[in-house]
Amino acid sequence: MPYLGSEDMVKELRRALSNPNVQSDQLRYRNTILKVIRAMSQGVDVSGLFSEIVKACATVDIVQKKLVYVFLCSYAALNPELSLLVINTLRKDCQDPNPMVRSLALRNMTNLRLSSLVEYVEQPLTAGLRDRAACVRRVAVLGWAKLHNLQPNSEIDATVVNELYSLLRDPDPVVMVNCLRALEEILKEEGGVAINKPIAHHLLNRLKECDVWGQCEVLRILERYRPQSDDELFDILSLLDTSLVSQHPPVMAATLSLFLSLCSALPAVSLSALERVRAPLLAACGSTSRELRFTALCHIQLLLRSVPGLMGAHYKRFFCGYAEPAYIKQRKMQVLVELVNDENVAMLLDELKGYCTDVNTDTAQAAISAIGRIGRSYSDQCLQILTGLLGLKQEHITSAVVQTMRDLVWVCPQCSDTVCLALEGCEENLQDTQGRQALLWLLGVYGERISSAPYVLEVFIDGVRSETSLEVKMELLTATLRLFLCRPAETQDMLGRLLHYCIEEETDMCVRDQALLYYHLLHCGIEETRKVLQGRRSDPSLGVLIGRPVEPISQWAHSFNTLEPLRQGTVTTDSSNKGSPEHVTSDPKPNSDLSDDLKPCQIETVQTASDSASLCTEYSTDALSSSAVAPLSLSLSPALSPEEFERLWLQRQSLHAEQGGEEKEDGDYLCTEECVQCPTIPHCSPQNLQAALQLVNIQTLAFTPPHTLPWRVYLYTHTHSSCSASKPPSTLILGELLYTGEPKEDCSKMVMEGSHEQLTTEGEEAAVDRLRGRESARQQSQTEDVKVTLKQQPRDDKALKGFLSVLTTVLHTLSTETT
Amino acid sequence: MISQIFILSSKGDHLIYKDFRGEAGSDVVSIFYEKVMTLTGDQPPVVMSHKDLQFIHVRQGGLYWVATTTADSSPFTIIEFLNRLAALVKDYCGSLSEKMVQMNFALIYELLDEVVDYGYIQTTSSDVLKNFIQTEAVSSRPFSLFDISNVGLFGAETQQSIVAPSSAATRPIQSSREQGGKSEIFVDVIERMTIVIGSNGMLMKADVEGEITVKCYMPNCTEMRIGLNEEFSIGKSQLRGYGAAVRVDECSFHQAVRLDEFDSHRILRLCPSQGEQTVMQYQLSDDLPSAPPFRLFPTIERDSGGRLLMYLKLRCDLPPKSCLLLKCVMYVTPVASVFSLSQELSSPDQSAELKPQSRAVVWKVPRFTGGTQLSALFKLDVPGLSSASMQEVGPVGLSFELPKYTATGLQIRFLRLSPVQPGPSQRWVRYVTHSDSYTIRI
């Protein structure tokens, strides 16, 4: 056929279709229709041929019928009137002795999707439900669902629903499954098909007759059924056991999903189910279809959140193949990081090292940050590899390595010596913003240990005019000022030049403001500047938090066997794409949000976009404490290790128990309990809470995951009281936030009274009033409180009170933010 | 629940589009293709979303097979279904390619109509479907003498496909009934090998995933019996027979396989349906019965002119003459920027070229006999070559196909059909081991 434009083509086809010679020759007629369909599937608009095609419908040739129906179903909506002409043929076909013709007619009658035809369709559909041939019943059952969706507001015909329920006992398994599907759609408003005990057991007993797809559907519907007794539950579970290890991944996944929903109250049973699916899931990971492999990998990641040791022995299964696509490689690395242990670490790192030079830069960078993650537990081996990678002098590798090193140092400060040595000379190979930002941060914080630091910065400062990235400029400012504090002689000149440029010539407000701020700070004196800028260099507690806590299965069970785990970025192993590590600790939600929310408590925020978390800390602490009590400052040093915390806490606990009271005082030590009304706190993310508390120099040590009960947080801080001479100059406060979820009216009230007395004796009326007000509010709303248990050593009531008010303010702010 | 299914060619041509539920317009096809195109690299993620519509796709035969669905549907089900659909189309059309789909679109519409109704999967069993499918497949070319040269040989087409079957097996299943074609049955033992060999020559990882597939063109075959090696054993504990045991770690069977004679005589009994089906799947990790088939002896150095010299010796340790390797592609990843490549290969039918975008030297070896050795010398011009960048060379990846060889040693002792087929019938048993992931670190 010559090349024709779509209009010519339609004209040509119309001529052929209406040619009586063609119509009389069955084969030619069919071939002409074939051409029409071909044009249709290539995207040509052939709707103009509708009336010609309708005529072709009346034929004995089944192939031609099928072709005509393909056409009609696509264009019926455009020609409702003409479609009426087809209905007669279709209804006649529904009486045909050949079941194939009957099912074909019935299916396409309902596929026309015309609400004007509903009245003609109902009768054949009702007849279809009682047809002898299973293939007709299959179509008829689904036909009712289509019909219902065509006119969603119409009354549901109770007789049809009853008939569909009774067809659940149809000998043909597909009819049974289709009934479930149809009822599910028709009764959507009532919550879908009702599954009672007889239906559930009927479905379970017939599960074996269904094919893979039917089994998945039945298993999915059964998730709604709740067994009435434990015996029944275990009967069901043992029936399902063979499907759990099915060689068909869809059945396996659907069964596990059902298991998890049935056993949500029996974690031990769920865990053993997870053990059982290990083999089939691993088999799916080795499937020929790479899409299936990917799906299995994503679901394994879910499982590992609850059972980290599940795949430990099979880590080799997650080694990447050379020809695998990047998305599989990256997922495999995420899994590998979770599987690392003492025995396999050498092997694993060797493998990961091989991926670092992957052709795909994303894969290479993912491999490098995977090594960095492992470095949090096995720092020596990992640093050796990372240092070796710097020697390759490739831009994307160097950038990823420097970023990884920065993140590693933030968590494991003991690595800093090696990192400082490795950094020498790598600035030549850094081109991208994030890599340079990471390098600048490291130079600023560890400047005194990197001999070449001033020279590197000088190069940056000389090129600042041509610098396009805002983040790099701000990082450069901070780094230079920090370096100036420890190596003033070498840095003074360049700092002056940099400040001059940023204040006089820079057009961007953020950079200019930051430069001005630093300039004024320097005017206040070197000690002031030091106080503001020398924030924390690391966050060792993050290491404790990062060993991801074992999550309960219920956290992810609802997303199992859905598309959610497959989406990109649902599981992020590492925090890439950000500025300095101070921000790593906080949620992706920017810091400025938090400080905005803290504003109601009269905090001066000098927050700029980049590295001023430390600044903010200083200011907000001052502001907070001044609003409540006499000057009090909190600080995090000396750092307390988790072990030390535990020892001190338990020591206090035992004392507490011996004396058996609400409030203990024995000379140098005080224990108090307090209730703070902030019911949403347990639902906010740990990162948010941690970041907020760090703003005011309170260090969190351990968390339970959000939404779990009882919810706990352990925290500590040091107070430094500057005014009172009689009081000890500094005290250590350990604290626990506890949220049980049950309202404890009497108990908490008593505690409240206790703390009132204590506070009143101190003569802080305002605070008492505030507490009273809060208490009444609490009684009105009947909400549950977060119990705060504090232990202080040595005793200093004033400081404790100050601390408490800071803590409550933070909790309240966060709480309003979460709601 | 599937809302729409469409098939796109790799260039974005609409081949097949079917809307089952009428919930979203047909413009989703272009939306999908735009999404694929805007992503860098040729590996779009399996799941993509547009508003509340989810695209799931698989790639088979160089085509995109896409389903749109809602977020709460099971990815396992839909991906497995798309794979099954591709397999069905392959069964019915003979092979899978853009041209085949284009020629047989009527047949594919018919298939889709029977397989999915209102977005719900009805059946994918070829036994059931054969009663409904009326359209005949159109083959791409008439039978010609040229095909004979290919009969019985394995030729790999792409890295994706497990094994392109010999042309005898790439014919539509329907023709056997309609045109009175030869009644034939193919039993293939296909093993996929994944091997990682460390730089010290130590075997770091070895995995074999195998399957026995039956491709049946017999119109009326009631039962067939496949006898495996007597000494075939599963798991570590039980070992059978006196000779070298053929062992696998795990093994699973198609649900239609009856295993009553399996324990005593290692016989699988089944009634094959028309088309292709996987009868048995097994896997073995770490403990291979024989040494890995290839060994590489690399020497990498820098010559006086600052060029990188890679001298590679590749040895095939398979018994001589028993094996004929048809294709071996070797990827050697060299350093980032290579200007030019000069090569010295051991025989003229080999070829090597430099692929700058994937930073690889691809060395193609059309045939390679067991017990022999190949060598190649690559000279690479690398600007600013340093000793550190020498470390970056590697790894070497091999992809190959070994006909008439199984890594586990699994053999089929006999293949019996009952009742005895009238007329000429042919039974073929074929073995192949292939790998696209045979990595040797340097």
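The coordinates are above.
Residues numbered from 1 in each chain as written. Chains lettered and ligands numbered in written order. Predicted model: local features only at pLDDT ≥ 70, side-chain atom pairs only at ≥ 80, totals over all residues. Heavy atoms only, no water.

Q: Please clarify how the interface of chain B and chain A should be interpreted in this entry.
A: Interfaces are often described in size by the accessible area the parts lose on coming together. Every contact between the two is made by 83 residues of chain B and, on the other side, 76 residues of chain A. Taken together, the two surfaces of chain B and chain A that pack against each other cover about 6900 Å², and 54% of this comes from carbon and sulfur. In this assembly, chain B and chain A are joined by 7 salt bridges. Note that Arg 107 of chain A and Asp 113 of chain B form a salt bridge whose closest N and O atoms lie 3.5 Å from each other. Linking chain B with chain A are 25 residue pairs in polar contact (both at pLDDT 80 or more). A total of 8 residues in the side of chain B that touches chain A trace back to one element, the largest contributor, which is helix α2 (residues 75-93) of chain B. Of the residues belonging to the side of chain B that touches chain A, the class tally is 28 nonpolar, 35 polar and 20 charged. (Contact = heavy atoms within 4.5 Å. Buried area = accessible area lost by both parts, 1.4 Å probe. Salt bridge = Lys/Arg side-chain N within 4 Å of Asp/Glu carboxyl O. Polar contact = N/O pair within 3.5 Å; in protein donor to acceptor, adjacent residues only side chain to side chain. Helix = DSSP H or I, 4+ residues; strand = E, 2+ residues; numbered from the N terminus. Nonpolar A, V, L, I, M, F, W, Y, C, P; charged D, E, K, R; others polar.)

Q: What exactly am I supposed to notice about the packing of helix α15 (residues 249-262) of chain A against helix α16 (residues 267-276) of chain A here?
A: The description of two packed helices rests on the angle between their axes and on the distance between the axes. All names here are of chain A. It is the contact of α15 with α16, at a shortest axis distance of 9 Å, that shows an interaxial angle of 165°. Judged on the interaxial angle alone, α16 and α15 are roughly antiparallel. Of the two possible hands of crossing, α15 and α16 adopt the one that is left-handed. On α16, the residues touching Leu 256, Phe 259 and Leu 260 of α15 are Ser 270, Ala 273 and Leu 274. Per-class residue counts for the contact of α15 with α16 are 5 nonpolar, 1 polar and no charged. (Axes fitted to C-alpha atoms, helices over the stretch in contact; angles between N-to-C directions. Parallel < 35°, antiparallel > 145°, perpendicular 65-115°, else oblique. Left-handed = near helix turned anticlockwise from the far one by under 90°.)

Q: When you look at unusual backbone geometry in this model, what are you seeing that I'm missing?
A: Phi at Lys 393 of chain A takes a positive value of approximately 55°, unusual for a residue other than glycine. Of note in the backbone geometry, Lys 51 of chain B takes a positive phi value of approximately 50° without being a glycine. Mapped onto the fold, Lys 51 of chain B is located in the loop between β3 (47-50) and β4 (53-60).

Q: I'm lost on helix α22 (residues 379-390) of chain A in this one. Help?
A: Think of an α-helix as turning once every 3.6 residues; residues three or four places apart then point the same way. Helix length check: α22 of chain A (12 residues) gives 16 Å between terminal C-alpha atoms against 16 Å at 1.5 Å per residue, within 8%. Contacts from the buried residues of α22 of chain A go to α20 (345-355), α21 (361-375), α23 (395-411) and α24 (416-423) of chain A. (Expected span 1.5 Å × (residues − 1).)

Q: Just checking my understanding: could you explain helix α25 (residues 433-445) of chain A for this structure?
A: Residues and elements named next belong to chain A. Between its first and last C-alpha, α25 extends 18 Å over 13 residues, near the 18 Å set by a 1.5 Å rise per residue. Of all 13 residues that make up α25, 11 are buried, and the element is covered over most of its length. The complete set of buried residues in α25 reads Gly 435, Arg 436, Gln 437, Ala 438, Leu 439, Leu 440, Trp 441, Leu 442, Leu 443, Gly 444 and Val 445. Elements in contact with the buried residues of α25: α23, α24, α26 (453-462) and α27 (470-486). (Buried < 20%, exposed > 50% of the residue type's maximum accessible area, 1.4 Å probe, protein only.)

Q: Can you help me understand the sheet that holds strand β10 (residues 223-228) of chain B in this one?
A: Two modes of strand pairing occur in sheets, parallel and antiparallel, and in both the strands are linked by backbone hydrogen bonds. Residue and element names in this part refer to chain B. A sheet is described by the order of its strands in space; here 3 strands give the open sequence β14-β10-β26, paired in antiparallel fashion. Bordering the open sheet on either side are β14 (267-270) and β26 (412-418), each of which pairs with just one other strand. Along the sheet, successive strands turn relative to each other by an average axial angle of 15°, direction set aside. Bridge count for β10 against β14 is 4 bridges, and the pairing is antiparallel. Bridging across to β14, Ile 226 finds its partner in Leu 268. (Pairing = 2+ DSSP bridges.)

Interpretation note: all reported values are geometric properties and have no functional meaning in isolation.
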